[in-house]
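Chains, contacts and geometry: an overview
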Amino acid sequence: MPLYEYACQQCGEQSEQLITGTAQPACPQCGSTHLNRLLSIVAAPNRGTSDAGHSPPSGSCGGGCACHPHR
């Protein structure tokens, strides 16, 4: 089940919600269904690197994405 972050257009409340199937998310504060889904940061375990003796690059995303190419 995916966990999404939302911001309510009505009251501004931000929340994380587990959404199943075609369920319509609602604001836990005011009950509105007028929500904007926010961009979330995904955490993934570090599986190491194939370059022996070299550490994977690091940065704000942890270095596990395409924005930090391997050297």
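For the structure, check the block above.
Our subject in this report is the structure included herewith. (Residues numbered from 1 in each chain as written. Predicted model: local features only at pLDDT ≥ 70, side-chain atom pairs only at ≥ 80, totals over all residues. Heavy atoms only, no water.)

The sheet built from three strands is open, its strands ordered β2-β1-β3 with antiparallel pairing. Every other strand in the sheet has two partners, leaving β2 (14-18) and β3 (35-37) as the edge strands with one partner each. Strand after strand, the sheet turns through a mean of 40° between neighbouring axes, direction not considered. Two strands pair when backbone bridges link them, and strand β1 (residues 3-8) and β3 are joined in this way by three bridges, in the antiparallel orientation. (Pairing = 2+ DSSP bridges. Helix = DSSP H or I, 4+ residues; strand = E, 2+ residues; numbered from the N terminus. Axes fitted to C-alpha atoms, helices over the stretch in contact; angles between N-to-C directions.)

Our focus in this paragraph is the nonpolar core. With five residues, the main nonpolar core is built from Tyr-6, Cys-8, Ile-19, Cys-27 and Leu-35. Those residues within four positions of Cys-8 in sequence are excluded, and the remaining contacts are Glu-13, Cys-27, Cys-30, Ser-32, His-34 and Leu-35. (Core = buried A, V, L, I, M, F, W, Y, C linked by side-chain atoms within 4.5 Å. Buried < 20%, exposed > 50% of the residue type's maximum accessible area, 1.4 Å probe, protein only. Contact = heavy atoms within 4.5 Å.)

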